[in-house]
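The primary structure of each chain is shown beneath.
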Amino acid sequence: MREINIRSRKMLRLFLLLLLCSMGMSAHVQAAAKAVAMTVGQKKQLPVKKTWKKVSWKSSKPQIAAVSTKGKVTAKKAGKAVITAKSGKKKQKFLITVKKNRIKLVIGGKTFQADMENNRTARAFIRLLPATLRMEELNGNEKYCYLDQTLPVNAKKPGTIRAGDLMLYGDDCVVLFYKTFQSSYSYTKIGHISNIRGLEDLLGNGNIKVLLKP
């Protein structure tokens, strides 16, 4: 009888140990970092439980993803950062992945991708998309199109224009360059097509339609 009781106690201890391990694993899963995807320039409010009081926020890399005292994240540049919310002994982590803001340009049936600038001009331009621009030839190195509305301006003299640059001339003229050359004109940069293979061949002859979409 005594031997049965000892065996029962051992079984009970084993059961309690397994139960505690199971609870620990469950707690670990609940505390795992939540994945959040953002694009450069985007702002997003991170959620925590309403019962949490006096929440503090911290970013591991504020140069990539900065967070306010109220948990609003601003995506600064492409990369990854961990943001931690803390209330007493409670913690919640968020894995923030920031990607470049990109748009697609369809020219002559071929699709190009442009990395957009993190400025007011680029953000205002993206809000106009999707759009089809009827672009006219100029100087054997660019295509241009006047918009029906103006965009914010922060013009500078780039010195060197590079093939693939997407610029704003004045406050309403979008210019897409397909050759690299020196220039004394001022432009506001909107974005840049990094892979320009085939761009000059498609843009280099006369006027053309360009479909732009987010």
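Residues numbered from 1 in each chain as written. Predicted model: local features only at pLDDT ≥ 70, side-chain atom pairs only at ≥ 80, totals over all residues. Heavy atoms only, no water.

Topic: the overall build of the protein chain
So, point 1. Counting secondary structure elements, the protein chain contains 3 helices and 17 strands.
So, point 2. Sequence separation of at least 24 residues holds for 58% of the intrachain contacts in the protein chain that already meet a minimum separation of 6.
So, point 3. Here the protein chain has roughly 13900 Å² of accessible surface; of this, 54% comes from carbon and sulfur atoms. (Helix = DSSP H or I, 4+ residues; strand = E, 2+ residues; numbered from the N terminus. Contact = heavy atoms within 4.5 Å. Areas by Shrake-Rupley, 256 points an atom, 1.4 Å probe, with all protein chains shown as cover.)

Digging into the packing of aromatic side chains
So, point 1. Summed over the entire model, instances satisfying the criterion amount to 6 aromatic pairs.
So, point 2. On the basis of an interplanar angle of 50° and a centroid distance of 5.7 Å, the ring pair of Y169 and Y187 is categorised as tilted. With Y169 in strand 13 (residues 165–169) and Y187 in the loop between strand 15 (181–182) and strand 16 (188–193), this residue pair connects regions lying 18 residues apart in the sequence.
So, point 3. Judged by its relative accessible area of 7%, Y187 falls in the buried class.
So, point 4. Ring plane angle 90° and centroid distance 5.5 Å describe the contact between F177 and Y187, whose orientation is recorded as edge-to-face. Note that F177 is positioned in strand 14 (residues 173–177) and Y187 in the loop between strand 15 and strand 16, a separation of 10 residues in sequence.
So, point 5. Grouped by ring-pair contacts, the aromatic residues Y169, F177, F181, Y185 and Y187 constitute a single cluster. (Phe/Tyr/Trp six-rings, centres within 6.5 Å; stacked < 30°, edge-to-face > 60°. Buried < 20%, exposed > 50% of the residue type's maximum accessible area, 1.4 Å probe, protein only.)

Describing the nonpolar core
So, point 1. The biggest cluster of nonpolar side chains holds 28 residues, and the ones touching the most others in it are I103, L105, I107 and F125.
So, point 2. When residues in this core are grouped by element, the largest group, 4 residues, is from helix 2 (residues 120–126).
So, point 3. Formed by 16 residues, the second largest nonpolar core is a distinct cluster that contains L46, W52, W57 and A75. (Core = buried A, V, L, I, M, F, W, Y, C linked by side-chain atoms within 4.5 Å.)

Comments concerning the sheet that holds strand 6 (residues 79–87)
So, point 1. Strand order in the open sheet formed by 4 strands is 1-7-6-3, and the pairing between neighbours is mixed. Of all strands in the sheet, those with a lone pairing partner are strand 1 (34–39) and strand 3 (56–59), marking the two edges. With direction set aside, neighbouring strand axes in the sheet form an average angle of 25°.
So, point 2. Summarising the sheet, strand 3 and strand 6 pair through 4 bridges and their orientation is antiparallel. Among the inter-strand pairings, K58 is bridged to a residue of strand 6, identified as T84. (Pairing = 2+ DSSP bridges. Axes fitted to C-alpha atoms, helices over the stretch in contact; angles between N-to-C directions.)

Focus on the pairing of strand 5 (residues 72–75)
So, point 1. Both strand 2 (residues 43–45) and strand 5 contribute to a ladder of 3 bridges, which runs antiparallel. Looking at strand 5, one finds that K44 is bridged to V73.
So, point 2. Direction of pairing for strand 4 (residues 65–67) relative to strand 5: antiparallel, over a ladder of 3 bridges. Note on strand 5: the bridge partner recorded for V67 is V73.

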